[in-house]
Amino acid sequence: MNSSLKYIAGYPQHLIEQVSSLIENGRFVTWFEKRYPDRHQIQSEKALFDYTMDIKQRYMKKTAPISKVLWDNKIHLINNALGLHTYVSRAHGGKLKSKNEIRIASVFKHAPEPLLRMLVVHELAHIKEKEHDKSFYQLCCHMEPDYHQLEFDARLFMIYQGLKHEDRK
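Cut-offs and rules
Within each chain, residues carry numbers counting from 1 in the order of the written sequence. Given that this is a predicted model, residues contribute local features only at a pLDDT of at least 70 and side-chain atom pairs are listed and counted only at 80 or more, while totals for whole chains, interfaces and linings are drawn from all residues. Calculated side-chain values reflect all of the structure's heavy atoms, with hydrogen atoms and water omitted. Secondary structure elements follow DSSP: runs of H or I no shorter than four residues count as helices, runs of E no shorter than two count as strands, and numbering proceeds from the N terminus. Under the scheme applied here, a residue whose accessible area is under 20% of the maximum for its type counts as buried, over 50% as exposed, and between as partly exposed, the area being computed with a 1.4 Å probe on protein chains only. For this analysis, residues touch if any pair of their heavy atoms sits within 4.5 Å. Reported accessibility uses the Shrake-Rupley method at a 1.4 Å probe radius. Residues are deemed covered only where the shown protein chains occlude them. Cysteine sulfur atoms that pair up within 2.5 Å are treated as a disulfide. The rule for a salt bridge is simple: a side-chain nitrogen of Lys or Arg has to be within 4 Å of a carboxyl oxygen of Asp or Glu.

Novice: Looking at this model, I keep getting lost on the overall build of the protein. Mind explaining?
Specialist: Counting secondary structure elements, the protein contains seven helices and three strands. Along the chain direction, N to C, the helices and strands of the protein fall in the order α-α-α-β-α-β-β-α-α-α. Going through the 169 residues of the protein one by one, you find that 41% of them count as buried. By sequence separation, contacts in the protein at least 24 residues apart represent 62% of the contacts at least 6 residues apart. Accessible area of the protein: about 10100 Å², with a carbon and sulfur share of 49%.

Novice: Honestly, the state of the cysteines in this entry has me stumped. Any pointers?
Specialist: Defined simply, a disulfide is a covalent bond joining two cysteines at their sulfur atoms. Overall, the coordinates contain zero disulfides when judged by the stated rule. Looking at the unpaired Cys140, the closest cysteine sulfur is the one in Cys141, lying at 6.8 Å. With a relative accessible area of 0%, Cys140 lands in the buried category.

Novice: Can you walk me through the pattern of salt bridges in this structure?
Specialist: Proximity of charged atoms lets side chains of opposite charge pair with each other. Counted by the stated rule, this structure contains eight salt bridges. Residue Asp72 pairs with Arg103 through a salt bridge whose shortest N-O separation is 3.6 Å. Remark: Arg103 occurs in strand 3 (residues 95–105) and Asp72 occurs in strand 1 (residues 66–72); sequence separation between them is 31 residues. Residue class for Arg103 comes out partly exposed when judged on its relative accessible area of 23%. Measuring nitrogen to oxygen at the nearest pair gives 3.2 Å for the salt bridge that ties Arg103 to Glu101. Given the relative accessible area of 12%, Glu101 is considered buried. Several salt bridges converge on common partners, so that one network encompasses Lys68, Asp72, Glu101 and Arg103.

Novice: Before we go on, may I ask you to explain the environment of Pro112 in this structure?
Specialist: Mapped onto the fold, Pro112 is located in the loop between strand 3 and helix 5 (113–128). By relative accessible area, which is 1% here, Pro112 ends up buried. Filtering out sequence-adjacent residues up to four positions away, Pro112 remains in contact with Phe32, Tyr36, Asp38, Arg39, His40 and Phe157.

Read these as spatial facts, not as claims about activity.
What follows is the structure, encoded as structure tokens:
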């Protein structure tokens, strides 16, 4: 199996074969760029925070606040993830204070906006649902009806990034 296909290893064989065929025929990059011709303009952490808070305000008003939303250069390399939600509790003056932080892999600074939105939705859902279970995915789909397709496409974006990097060598 092509090493770039590791991102979609758990998907049905017919999908893997379609992607593999596009790669082998040198058409994957063009196909992906046609599917997603535009990249989002959210480059600063303030813009990412505001973007995340807009989605949270629309769908999850009554959930715990978020203290930080960051671009993270190390996230996918260390955790084999594209985003992380962290929850930290600290004793402060006799009270327990908790902070929610969301980190998005920096590689998504240059992604199509729907893929960034899917990652933000995924990490926001973890504020309410800690496990990747039925309730978690129902919440994701409530916030983003195309969630499952976009999750697959985010994996395709990782393949795209790898192929684009190989082209530059």
